[in-house]
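Structure at a glance
Letter by letter, the chains look like this.
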Amino acid sequence: MSDATHIGCACGQTLLKVEGAPILVSECLCDSCRAAASRLAGLPGARNMLTSYQATPAAEYRKDRITIVSGEENLSEFRLSPDAGSRRVVATCCNTPMFLEMKGAHWLSLYLHLWPADTRPRAELRTMVGDLTDTSRLPKDIPNLKTHTVSFYAKLLWAWIAMGFRNPKIAIARKVEA
């Protein structure tokens, strides 16, 4: 695979290489993503990653297409609660949220703020809009879906099939509290 992109944290110490196109690019409006983004924005030096309408933009990539190039020692996990199935991973060198990993998932949701604005993937859809009490502020530029759709899950399934049903593990030993 030849089209590799390097993305990283705000200070540049933690870099990832992603290969190929994402499985999909979305903006999530679920309660958990909004709560986690809000808490992570409170870390020293951190920036808010939410859009003006409170969505968390991310590109879903197969784990086997992501390489940690540098700064692995800076990565720490954050969970909304001790028993939460999903974890957000933060580069603690500058408190940049890097990605979301769902328990048992074969993909990572890489936060779009990691890309320079001129090369940033564009969201194809918004999901979990049903968690909002008021949807009137949402732009109408892409589909605003109440939940995840069959098509959303089908894209993830096809990616897993293409990976030979593998699920690479990403070991993160440290934790960050927000």
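Bear in mind that the values here come from a model prediction, so they are computed numbers and not experimental data.

1. Let's talk about the pattern of salt bridges
Following the criterion strictly, the structure yields 11 salt bridges and no others. Linking Asp64 and Arg62 is a salt bridge whose minimum nitrogen-to-oxygen distance equals 2.7 Å. Overall, the relative accessible area of 27% leaves Asp64 in the partly exposed class. You can call Arg62 buried: its relative accessible area is 12%.

2. Describing the pairing of strand S1 (residues 4-8)
Strand direction decides the pairing type here: S1 and strand S2 (residues 15-19), joined by 5 bridges, are antiparallel. Along S2, the bridge assignment pairs Ala4 with Glu19. Two successive antiparallel strands, S1 and S2, enclose a turn made up of 6 residues, where Gly12 displays a positive phi of approximately 90°.

3. Description of helix H2 (residues 150-162)
Helix length check: H2, at 13 residues, gives a terminal C-alpha distance of 18 Å against a target of 18 Å (1.5 Å per residue), a fit within 8%. Within H2, burial applies to Phe152, Leu156 and Ala159. Summarising the axial view, the buried residues of H2 lie within an arc of 60°, below the 170-degree limit, and thus occupy one face. Residues of H2 that are exposed and point more than 90 degrees away from the buried face comprise Val150, Trp158 and Ala162.

4. Brief notes about the packing of aromatic side chains
To describe a pair of aromatic rings, you give the distance between the ring centres and the angle between the ring planes. What the rule picks out here adds up to 3 aromatic pairs. Taking 5.1 Å as the distance between ring centres and 80° as the angle between the ring planes, the aromatic pair formed by Trp160 and Phe165 counts as edge-to-face. Trp160 gets classed as partly exposed once you look at its relative accessible area, which sits at 32%. Overall, the relative accessible area of 49% leaves Phe165 in the partly exposed class.

5. Thoughts on the sheet that holds strand S5 (residues 66-70)
Within the open sheet, the 3 strands sit side by side as S1-S2-S5. Their pairing is antiparallel. Two strands close off the open sheet at either side, each with one partner strand: S1 and S5. Strand-to-strand, the axes of this sheet are offset by a mean angle of 30°, without reference to chain direction.

6. Description of the nonpolar core
Counting 22 residues, the largest nonpolar core has Ile7, Val18, Tyr61, Met98, Phe99, Leu110 and Trp115 as its most contacted members. Those elements giving two or more residues to this core turn out to be S2, strand S4 (56-62), strand S7 (87-91), strand S8 (96-101) and strand S9 (107-111). The residues touching Leu110, leaving out its near neighbours within four places in the chain, are Ile7, Leu16, Val18, Pro57, Ala58, Ala59, Tyr61, Ile66, Met98, Phe99 and Trp115. Counting residues in each nonpolar core, the second largest holds 17 residues, with Ala36, Ala46, Val90 and Met128 among its members.

7. What to know about unusual backbone geometry
In the Ramachandran plot, Met128 falls in the positive-phi region, its phi being about 65° despite a non-glycine side chain. Mapped onto the fold, Met128 is located in the loop between strand S10 (125-127) and H2.

8. Examining the side chain of Asn95
Residue placement: Asn95 occurs in the loop between S7 and S8. Residue classification places Asn95 among the buried positions, given a relative accessible area of 11%. Polar contacts involving the side chain of Asn95 include one to the main-chain carbonyl oxygen of Pro44, which spans 2.8 Å. Once residues lying within four places of it in the same chain are set aside, the contact partners of Asn95 are Leu43, Pro44, Ala46 and Val90.

Parameters and conventions
- Residues numbered from 1 in each chain as written.
- Predicted model: local features only at pLDDT ≥ 70, side-chain atom pairs only at ≥ 80, totals over all residues.
- Heavy atoms only, no water.
- Salt bridge = Lys/Arg side-chain N within 4 Å of Asp/Glu carboxyl O.
- Buried < 20%, exposed > 50% of the residue type's maximum accessible area, 1.4 Å probe, protein only.
- Pairing = 2+ DSSP bridges.
- Helix = DSSP H or I, 4+ residues; strand = E, 2+ residues; numbered from the N terminus.
- Expected span 1.5 Å × (residues − 1).
- Arc of directions from axis to C-beta.
- Phe/Tyr/Trp six-rings, centres within 6.5 Å; stacked < 30°, edge-to-face > 60°.
- Axes fitted to C-alpha atoms, helices over the stretch in contact; angles between N-to-C directions.
- Core = buried A, V, L, I, M, F, W, Y, C linked by side-chain atoms within 4.5 Å.
- Contact = heavy atoms within 4.5 Å.
- Polar contact = N/O pair within 3.5 Å; in protein donor to acceptor, adjacent residues only side chain to side chain.

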